[in-house]
Amino acid sequence: MAEKVNNFPPLPKFIPLKPCFYQNFADEIPIDYQALVKRIYHVWIFYCITLVVNIIACLAWWIGGGSGVNFGLAILWLILFSPCGYVCWFRPAYKAFRSDSSFNFMAFFFIFGAQFVLTVLQAIGFSGWGACGWLAAITFFSTSVASAVFMLFPAIMFTMSAVTMLICILRVHKIYRGAGGSFQKAQDEWNSGAWRNPPSREAQYSNFSRNSLPEYPTVPNYPPGNQWP
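The rules behind the values
- Residues numbered from 1 in each chain as written.
- Predicted model: local features only at pLDDT ≥ 70, side-chain atom pairs only at ≥ 80, totals over all residues.
- Heavy atoms only, no water.
- Helix = DSSP H or I, 4+ residues; strand = E, 2+ residues; numbered from the N terminus.
- Buried < 20%, exposed > 50% of the residue type's maximum accessible area, 1.4 Å probe, protein only.
- Areas by Shrake-Rupley, 256 points an atom, 1.4 Å probe, with all protein chains shown as cover.
- Patch = residues over 30% accessible without salt bridge, like charges linked within 9 Å, V, L, I, M, F, W, Y side chains within 5 Å.
- Salt bridge = Lys/Arg side-chain N within 4 Å of Asp/Glu carboxyl O.
- Polar contact = N/O pair within 3.5 Å; in protein donor to acceptor, adjacent residues only side chain to side chain.
- Core = buried A, V, L, I, M, F, W, Y, C linked by side-chain atoms within 4.5 Å.
- Contact = heavy atoms within 4.5 Å.
- pLDDT = per-residue confidence, 0-100.
- Expected span 1.5 Å × (residues − 1).
- Axes fitted to C-alpha atoms, helices over the stretch in contact; angles between N-to-C directions.
- Parallel < 35°, antiparallel > 145°, perpendicular 65-115°, else oblique.
- Left-handed = near helix turned anticlockwise from the far one by under 90°.
- Nonpolar A, V, L, I, M, F, W, Y, C, P; charged D, E, K, R; others polar.

Draft legend 1. Quick peek at the overall build of the chain. Helix and strand counts for the chain stand at 8 helices and 0 strands. Reading the secondary structure of the chain in the N-to-C direction produces α-α-α-α-α-α-α-α. Counting over 229 residues, the chain shows a buried share of 38%. Within the structure as shown, the chain displays about 13,700 Å² of accessible surface, and the carbon and sulfur contribution to it stands at 67%.

Draft legend 2. Region of interest: a nonpolar patch on the surface. There is a patch of nonpolar side chains on the surface, built from Trp 134, Ile 138, Phe 141, Val 145, Val 149, Phe 153, Ile 156 and Met 160 and spanning about 720 Å² of accessible area. Contributions of two or more residues to the nonpolar patch are made by helix H5 (134-139) and helix H6 (145-178). Of the residues forming the nonpolar patch, the biggest block, 5 residues, is contributed by H6. Among the secondary structure elements, Phe 153 is positioned in helix H6.

Draft legend 3. Representation of the side chain of Ser 102. Among the structural elements, Ser 102 can be located in helix H4 (residues 102-124). Reaching out from Ser 102, the side chain makes a polar contact with the side chain of Tyr 176 at a distance of 3.2 Å.

Draft legend 4. Looking closely at the nonpolar core. Counting residues in each nonpolar core, the largest one holds 34 residues, and the members touching the most others are Ile 40, Trp 89, Phe 90, Phe 108, Phe 109 and Val 172. Broken down by secondary-structure element, the contributors of at least two residues to this core are helix H2 (34-63), helix H3 (68-99), H4 and H6. Beyond its immediate sequence surroundings of up to four residues, Phe 109 is in contact with Ile 169, Val 172, His 173 and Tyr 176. Judged by nonpolar contacts, the second largest core, of 12 residues, contains Ile 55, Cys 58, Ala 137 and Ala 148.

Draft legend 5. Here's a closer look at the pattern of salt bridges. By the definition in use, this model includes 3 salt bridges. Residues Asp 27 and Lys 4 are paired through a salt bridge, measuring 3.6 Å at the closest nitrogen-oxygen approach. Highlighted residues: Asp 27 in helix H1 (residues 25-28) and Lys 4 in the segment before H1, separated in sequence by 23 residues. For Asp 27, a relative accessible area of 35% puts it in the partly exposed group. We classify Lys 4 as partly exposed; its relative accessible area is 30%. Arg 98 is paired through a salt bridge with Glu 28; the nearest N and O atoms lie 4.0 Å apart. Remark: Glu 28 occurs in helix H1 and Arg 98 occurs in helix H3; sequence separation between them is 70 residues.

Draft legend 6. Just the confidence of the model for the chain, in detail. The predicted model of the chain has a mean per-residue pLDDT of 84, with 77% of residues at 70 or higher. Here helix H8 (residues 201-211) stands out as the element of the chain with the lowest mean pLDDT, 45, in contrast to H2, whose mean of 97 is the highest. Predicted confidence for residues 204-223 stays below pLDDT 50, and this span has 6 contacts to residues more than four positions away or in other chains.

Draft legend 7. Representation of H4 within the structure. A rise of 1.5 Å per residue sets the reference length of H4, with its 23 residues, at 33 Å; its end C-alpha atoms lie 33 Å apart and thus fit the reference within 8%. Among the residues trailing H4, Gly 125 stands out with phi positive, at a value near 85 degrees.

Draft legend 8. Representation of the environment of Ile 138 in the model. Take Ile 138: it is sitting in helix H5. It is 6.9 Å that separates the C-alpha atoms of Ile 138 and Ala 148, two residues lying 10 residues apart in sequence.

Draft legend 9. Spatial organisation of the environment of Asp 32. Turning to its location among the elements, Asp 32 is positioned in the loop between H1 and H2. Classification of Asp 32 by relative accessible area gives exposed; the value is 67%. Here the alpha-carbon distance between Asp 32 and Phe 97, two residues 65 residues apart in the chain, equals 10.0 Å.

Draft legend 10. The packing of H4 against H6, seen in detail. In contact at an axis separation of 9 Å, H4 and H6 are set at 155 degrees when each is read in the N-to-C sense. The angle between the axes of H4 and H6 places the two elements in the roughly antiparallel class. Of the two possible hands of crossing, H4 and H6 adopt the one that is left-handed. Partitioned by chemical class, the residues of the contact of H4 with H6 number 16 nonpolar, 8 polar and no charged.

Draft legend 11. Fine view of H2. When the terminal C-alpha atoms of H2 are compared, their 44 Å separation across 30 residues agrees well with the 44 Å that a helix rising 1.5 Å per residue should span. Phi turns positive, to about 120 degrees, at Gly 65, one or two residues after H2.

What follows is the structure, encoded as structure tokens:
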């Protein structure tokens, strides 16, 4: 089997850094779940784009007379949640479906659930949180209409992110519970240490094919036609 070379994130050759992860949906994710795992990946990308739009909106908020703290926090959220979202909730989902890992499923549920709650709060838009949500945008119309219009864009995008996150977590939970998954299985996986490097489904299948199938004897040569004694 060819060695898998890390390919994510795809970095330009002039940057003296190498990708940290190997990501290949067609190669590692079962075909029945590829669409769902890709959708979770697209949710992460859309959330990152939302954080970028939020920075622009917070800048407009600041220019229109709002607090500069929101702009600073918006930059912090982008720097913090973009890589952390990929590592902390997308990768667990990817590894869970790749190797049927109960521990990674549980990690995804807890962390992605926290991300969903945070995104709902960002969609609401409390002042001083660095997020242009509905509350912040609507109340700012009395101060600056132009800035408030800019602030509506991340409010809409945060709402869309929260809705898609809820749909994804419900679908993953339905699949996991339908396959007999439980917290006890995740705990057993933790205690055994298998969560550190769970075998891929391909490796599990190869191991089954090589070691578990019975060895049948050679087929005997029967005499042709009517040559029986």
